[in-house]
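Listed here are the chains, written in short residue letters.
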Amino acid sequence: MKYSGWPETGELVVGKVDEIEDFGVFIDLEEYEDKRGLVHVSEVASGWIKNVRDHVSVGQTVVCKVFDVDEGSQQIDLSIKDVNEHQRSDKIQDWKNEQKADKWMSLAFGEEMTDEQYTQIANELYAEFGSIYDGFEQAAIHGGEALEPTELSADEIDALVETARENVSVPYVNVTGYVDLRSPGKNGVDGIKEALKAAEGNGDIPDEVELDVTYVGAPEYRIKVRAPNYKTAEAQLEESVARAQVAMENVGGSADFHRERHTDDE
């Protein structure tokens with residue numbers, strides 16, 4: 001999908017070099033319908049430029065900053081030199097992500113999807129998540145719950161979630177901690193078993209989270225959490241430890257948490 005309308009001054013845009021002249025470079029804007037901008041030779045690169053073609057070539061994809069927009073004269077002035085490498089990399093990645101999301105929209109709703117339907121769904125995702133891609137990513141992680149604040153229909157939400165979970169590679173992080181479980185008395189083993197079940201969540205862990213508790217060496221157990229972000233992962237780790245501590249206290253035992261492994265061998 002390409003935007004109708006005009007880019008805003010200061011915005012970063014992706015374009016393709018269409019024509020090179022001695023006075024500057026004409027850029028076809030990849031994200032906007034029928035929009036073309038000009039990079040004056042002084043905005044192509046820093047320092048004195050002997051030959052513009054030493055810096056850009058026809059067909060090259062570039063990231064530009066919008067210098068000025070004059071809708072009356074249909075002119076968009078751009079700068080390449082005002083975009084640093086970090087900005088260029090991030091913008092290219094965002095653009096590629098939106099291209100993926102555009103294909104996912106077709107997968108979710110079919111090639112016969114009308115422009116009106118596309119625009120309506122896209123606008124809902126933009127309003128809630130800032131981009132179509134981020135909407136799909138959140139749908140993959142959290143399912144239909146992530147899309148409930150939107151005005152999308154139940155059928156549209158189901159289609160988005162199904163497509164997201166089949167196509168989106170969700171970024172995950174891992175956090176690890178260790179807990180020493182000690183339970184006195186003849187029923188100590190049973191108490192530890194109950195604490196381990198509690199630490200694992202008794203089957204009540206969010207769908208987007210993976211939590212494993214494994215034996216390291218008496219009395220130490222590893223708790224490993226895989227989640228979409230560090231905040232969620234750390235929260236699940238803390239809750240796992242807290243459940244184990246309650247279970248051990250109930251049988252007169254203890255559960256001591258530590259970040260680093262204490263045993264030498266596994």
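Remember, predicted model here, so these are calculated numbers, not experimental data. Each residue is numbered by its place in its chain's sequence as written, counting from 1. Totals for whole chains, interfaces and linings use all residues, but because this is a predicted model, local features are given only for residues with pLDDT of at least 70 and pairs of side-chain atoms are given and counted only at 80 or more. The basis for the side-chain values is all heavy atoms of the structure; hydrogens and waters are excluded.

What follows deals with the UniProt feature "domain: S1 motif" (unreviewed entry) in the protein. UniProt positions are given in the numbering used here, feature names are shortened, and annotations may be inferred rather than shown by experiment. Following the UniProt record, one finds the feature "domain: S1 motif" (unreviewed entry) at residues 10-81. Within residues 10-81, the helical portion is 0% and the strand portion 50%, while the C-alpha atoms at the span's ends are 13 Å from each other. Helical segments are the DSSP runs of H or I of at least four residues, strand segments are the runs of E of at least two, and each set is numbered from the N terminus.

The subject of this paragraph is the packing of aromatic side chains. For any pair of aromatic rings, geometry is given as the distance between the ring centres together with the angle between the planes. Stacked, tilted and edge-to-face are the three classes assigned to paired rings of Phe, Tyr and Trp, where Trp is represented by its six-membered ring and a pair needs centres within 6.5 Å; plane angles under 30 degrees give stacked, over 60 edge-to-face, the rest tilted. A full pass over the atoms with the stated rule returns 6 aromatic pairs. Ring centres of Phe-23 and Phe-26 lie 6.0 Å apart, and the angle between their planes is 85°; this geometry places the pair in the edge-to-face category. Summary of the burial criterion: residues with accessible area below 20% of their type's maximum are buried, those above 50% are exposed, and those between are partly exposed, where the area comes from a 1.4 Å probe applied to protein chains only. Assessed through its relative accessible area of 43%, Phe-23 is described here as partly exposed. Phe-26 gets classed as buried once you look at its relative accessible area, which sits at 18%. Arranged with centres 5.6 Å apart and planes meeting at 25°, the rings of Trp-104 and Tyr-133 form a pair that is stacked. Highlighted residues: Trp-104 in helix H1 (residues 85-109) and Tyr-133 in helix H3 (residues 132-142), separated in sequence by 29 residues. A residue is classified by how much of its surface remains accessible, and Trp-104, at 10% relative accessible area, is buried. Given a relative accessible area of 11%, Tyr-133 falls into the buried group. Joined through ring pairs, the aromatic side chains of Tyr-3, Tyr-32 and Tyr-126 make up one cluster.

Moving on: a negative patch on the surface. A residue counts toward a patch only above 30% relative accessible area and without a salt bridge, and it is joined to like-charged neighbours within 9 Å or, for Val, Leu, Ile, Met, Phe, Trp and Tyr, to nonpolar neighbours within 5 Å. In short, Shrake-Rupley with a 1.4 Å probe defines the accessible areas, and a residue's cover is counted only from the protein chains shown. The working definition used for a salt bridge is a side-chain nitrogen of Lys or Arg within 4 Å of a carboxyl oxygen of Asp or Glu. The convention is simple: Lys and Arg are positive, Asp and Glu are negative, and His and the chain ends are not counted. Working definition for charges: the position is that of NZ of Lys, CZ of Arg, CG of Asp or CD of Glu. Residues Glu-33, Asp-34, Asp-115 and Glu-116 make up a contiguous surface patch of negative charge. For Glu-33, the location among the structural elements is in the loop between strand E2 (24-29) and strand E3 (36-40).

What follows deals with the pattern of salt bridges. All told, the structure shown has 9 salt bridges when counted by the stated rule. Measuring nitrogen to oxygen at the nearest pair gives 2.6 Å for the salt bridge that ties Asp-18 to Arg-36. On the criterion of sequence distance, the pair formed by Asp-18 in strand E1 (residues 12-21) and Arg-36 in strand E3 is long-range, its members being 18 residues apart. The exposure class assigned to Asp-18 is partly exposed, which follows from its relative accessible area of 36%. Ionic pairing is found between Glu-85 and Arg-88, a salt bridge with its closest N-O pair at 3.0 Å. Of this pair, Glu-85 and Arg-88 both sit in helix H1, 3 residues apart, which is roughly one turn of that helix. The class for Arg-88 is partly exposed, based on a relative accessible area of 35%. Through salt bridges with shared partners, a single ionic network connects Asp-18, Glu-19, Asp-28 and Arg-36.

Further remarks concern the environment of Gln-117. Summarising the element assignment, Gln-117 is placed in helix H2 (residues 115-129). The contact definition used throughout considers only heavy atoms, calling two residues in contact when any of these lie within 4.5 Å. Other than its neighbours up to four places away in sequence, Gln-117 contacts Phe-109 and Glu-156.

Helix span, expected: 1.5 Å multiplied by one less than the number of residues in the helix. The end-to-end C-alpha distance of H2 is 20 Å, a good match for the 21 Å that 15 residues give at a rise of 1.5 Å each. Restricting attention to buried positions, one finds in H2 the residues Tyr-118, Ile-121, Ala-122, Glu-124, Leu-125 and Phe-129. The arc that holds the buried residues of H2, viewed along the axis, is 155°, so those residues lie on one side. In this structure, H2 carries Asp-115, Glu-116 and Ala-127 as exposed residues pointing more than 90 degrees from its buried face. Against H1, H3 and helix H4 (154-167) lie the buried residues of H2. Positive phi shows up at Gly-130, right after H2, with a value of about 95°. The directions considered for the arc are those from the helix axis to the C-beta atoms.

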